[in-house]
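Descriptive structure summary
Residue-level listing of the chains:
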Amino acid sequence: MRSDDSDSLFPSPADPDGLDFNNPGEGLFINGGDDDGELKPLLGDDYYMRAALRCAQQAADAGEVPVGAVAVKDGLIIARSWNQVELLKDATAHAELMLIASLPQVIGDWRLDDVDIYVTKEPCAMCAGAMVNSRIRRVIFGMRDPRCGAAGTALDVTGFPGMLHNVEVVPGLMEDECKAMFQEFFRTVRANARKKKSGFTPPA
């Protein structure tokens, strides 16, 4: 989960669009018009998924499976991550798991019941279980995973009856964009593998 300009494993809260997510006064909320003066988020789910897609691109650029994730609390992006399995030589270094591991340092508690996670691909059983155990409020994912998705597609870890906590699931947000990035990554991987097998070396 290193930031774009740092070698730290933990993300910077500064959003690449230029908004300072340390500052709640950056125009992220509007008055909802209700008598109680409730503040409502100005930015929609698509905004946060696009931030997750930028994280996924960081993974793809590093040769990692392109999954990216951001954590949102009170309308603010408080952490971001992407797959780093190859970099860390760690099969558990999925975007969601690394994101969850960083959050207690950000909010001061392991209970994340007012945190939403936006992730470009449906969580696997490991990551979905971590979301349940850490009491994530919502997971909003892009691409469904019919083979291993554990947020309702292949398995339903997030909503399994009898669990101490169920995670609200919003599936398929910007699914076409998330799927296109995934497909392009593996198309490139297969093409490079064919070139390597044939002994072809592209010109410098």
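One structure accompanies this document, and this report is about it. (Residues numbered from 1 in each chain as written. Predicted model: local features only at pLDDT ≥ 70, side-chain atom pairs only at ≥ 80, totals over all residues. Heavy atoms only, no water.)

**Observations concerning helix α5 (residues 175-198)**
Counted at 1.5 Å a residue, the expected span for α5 with its 24 residues is 34 Å, and the 35 Å between its end C-alpha atoms agrees. Within α5, the full set of buried residues consists of E175, C178, M181, F182 and F185. Where the residues of α5 are buried, they touch α1 (45-61), β5 (116-121) and β6 (138-143). (Helix = DSSP H or I, 4+ residues; strand = E, 2+ residues; numbered from the N terminus. Expected span 1.5 Å × (residues − 1). Buried < 20%, exposed > 50% of the residue type's maximum accessible area, 1.4 Å probe, protein only. Contact = heavy atoms within 4.5 Å.)

**Digging into the layout of surface pockets**
Taken as a whole, the largest pocket encloses approximately 220 Å³ of empty space. V65, V67, N83, H94 and K121 are, among the 14 residues lining the largest pocket, the residues nearest its centre. (1 Å grid on protein atoms, 1.4 Å probe; cavity = no way out; pocket = protein on both sides within 12 Å on 5 of 7 lines; lining within 4 Å. Points joined across faces, edges and corners; volume = space filled by probe spheres on them.)

**Examining the pattern of salt bridges**
Within this structure, the stated rule accounts for nine salt bridges. With its nearest N and O atoms 2.9 Å apart, the salt bridge here joins D116 to R137. A residue pair is termed long-range when its members are at least 10 positions apart, and D116 in strand β5 and R137 in the loop between α4 (125-133) and β6 qualify at 21 residues. Here R138 makes a salt bridge to D116, at a shortest N to O gap of 3.2 Å. Residue R138 is located in strand β6, and its partner D116 is located in strand β5; the two are separated by 22 residues in the primary sequence. Overall, the relative accessible area of 16% leaves R138 in the buried class. For D116, a relative accessible area of 4% corresponds to the buried category. In this structure, a network of salt bridges that share partners links the residues D45, D116, R137 and R138. (Salt bridge = Lys/Arg side-chain N within 4 Å of Asp/Glu carboxyl O.)

**Overview of the sheet that holds β6**
Sheet strands line up and pair through hydrogen bonds in the backbone, either parallel or antiparallel. Ordered by their spatial adjacency, five strands build an open sheet running β4-β3-β5-β6-β7, and the pairing between neighbours is mixed. The open sheet has two edge strands, β4 (76-82) and β7 (168-170), and neither has a second partner. This sheet shows a mean twist of 20 degrees between the axes of neighbouring strands, independent of strand direction. As defined by bridge partners, strand β3 (residues 68-73) adjoins β5 across four bridges and the pair is classed as antiparallel. Pairing of A69 across the sheet is with V119, part of β5. Across the sheet, α1 touches β3, β4, β5 and β6, and the angle it forms with β3 is around 145 degrees. Set on the sheet, α5 makes contact with β5 and β6; between it and β6 the angle comes to about 60 degrees. (Pairing = 2+ DSSP bridges. Axes fitted to C-alpha atoms, helices over the stretch in contact; angles between N-to-C directions.)

**Section: the pairing of β6**
When you tally the buried positions in β6, you get six out of six residues, the bulk of the element. Note that β5 and β6 share five bridges and pair parallel. Following the sheet pairing, I117 is matched in β6 by V139. Between the parallel elements β5 and β6, the chain passes through α4 in a crossover that is right-handed. Two strands pair when backbone bridges link them, and β6 and β7 are joined in this way by three bridges, in the parallel orientation. Bridge assignment links I140 to a residue of β7, and that residue is V170. (Right-handed = clockwise from strand over helix to strand, strands pointing away.)

**So, α4**
C127, A128, G129, A130, M131 and V132 are the residues of α4 that are buried. At the exit of α4 stands R135, carrying a positive phi of roughly 65 degrees.

**Some words on the side chain of N83**
With respect to the secondary-structure elements, N83 resides in the loop between β4 and α2 (85-88). Judged by its relative accessible area of 7%, N83 falls in the buried class. A distance of 3.3 Å separates a polar side-chain atom of N83 from the backbone oxygen of V65. Excluding residues that lie within four positions of it along the chain, N83 makes contacts with A59, E64, V65, V67, A93, H94 and A95. (Polar contact = N/O pair within 3.5 Å; in protein donor to acceptor, adjacent residues only side chain to side chain.)

**As for the side chain of D145**
Looking at the element boundaries, D145 is found in the loop between β6 and β7. Classification of D145 by relative accessible area gives buried; the value is 13%. Engagement of the side chain of D145 in a polar contact is seen with the side chain of K121, the distance being 2.9 Å. Those residues within four positions of D145 in sequence are excluded, and the remaining contacts are K121, E122, T153 and A154.

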